[in-house]
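Architecture and fold: a report
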Amino acid sequence: MDKQTQTEVEAAVFRRLVEHLDANKDVQNIDLMILADFCRNCLAKWYSAAASEQGADIDYEAAREVVYKMPYSEWKEKHQLPATDEQLEKLAARQGK
């Protein structure tokens, strides 16, 4: 596979991952962190960093809008549930705290 095709495939996979996360808003960020040690916010940070590496200025909040498909504050208000004690304990154990 040539570099251009690889880049296009990788971009398509990213878009599909974002669509999948958008279709599964019930999956909370803390659950992603517990299970896979990354979440939607991590994707936004990586997106912003990759844009910067390519000379594009996409700040963290703009990158969050790409990942969340809306402003983060709106997503949080509509879809984020308070973390349970059990989730917080599992996250702390995952992070070695």
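Going by the annotation in an unreviewed UniProt entry, the name recorded for the protein is SMc04008-like domain-containing protein, with Alteromonas macleodii given as the source organism.

1. Some words on the UniProt feature "domain: SMc04008-like" (unreviewed entry) in the protein
What UniProt calls "domain: SMc04008-like" (unreviewed entry) maps, in this numbering, to residues 27-92. Span residues 27-92 is 71% helix and 0% strand, its end C-alpha atoms 19 Å apart.

2. Examining the packing of aromatic side chains
By the definition in use, this model includes four aromatic pairs. Centre to centre, the rings of phenylalanine 38 and tryptophan 46 are 6.1 Å apart; their planes meet at 25 degrees, and the pair counts as stacked. One aromatic cluster in this structure is built from Tyr68, Tyr72 and Trp75. The aromatic ring of tyrosine 72 is capped on one face by arginine 64, whose charged end is 3.6 Å from the ring centroid.

3. Details of the pattern of salt bridges
All chains considered together, the criterion is met by five salt bridges. A salt bridge links lysine 69 to glutamate 19; the nearest nitrogen and oxygen atoms lie 2.6 Å apart. On the criterion of sequence distance, the pair formed by lysine 69 in the loop between α4 (60-68) and α5 (72-79) and glutamate 19 in helix α1 (residues 3-23) is long-range, its members being 50 residues apart. Lysine 69 sits in the partly exposed class, given a relative accessible area of 39%.

4. Here's the deal with the nonpolar core
Nonpolar side chains tend to gather and get buried jointly when the protein is soluble and globular. Counting residues in hydrophobic clusters, the biggest one holds 13 residues, and the most contacted among them are Met33, Cys39, Cys42, Leu43 and Leu91. For this core, the secondary-structure elements that each account for two or more residues are α2 (29-36), α3 (40-53) and α4. The dominant element in this core, judged by the number of residues it contributes, is α2, at four residues. Excluding anything up to four places from it in sequence, methionine 33 contacts Phe38, Cys39, Cys42, Leu91, Arg94 and Gln95.

Reading the values: rules and limits
- Residues numbered from 1 in each chain as written.
- Predicted model: local features only at pLDDT ≥ 70, side-chain atom pairs only at ≥ 80, totals over all residues.
- Heavy atoms only, no water.
- UniProt positions renumbered as here; feature names shortened; annotations may be inferred.
- Helix = DSSP H or I, 4+ residues; strand = E, 2+ residues; numbered from the N terminus.
- Phe/Tyr/Trp six-rings, centres within 6.5 Å; stacked < 30°, edge-to-face > 60°.
- Lys NZ or Arg CZ within 6 Å of the ring centre and 35° of its normal.
- Salt bridge = Lys/Arg side-chain N within 4 Å of Asp/Glu carboxyl O.
- Buried < 20%, exposed > 50% of the residue type's maximum accessible area, 1.4 Å probe, protein only.
- Core = buried A, V, L, I, M, F, W, Y, C linked by side-chain atoms within 4.5 Å.
- Contact = heavy atoms within 4.5 Å.

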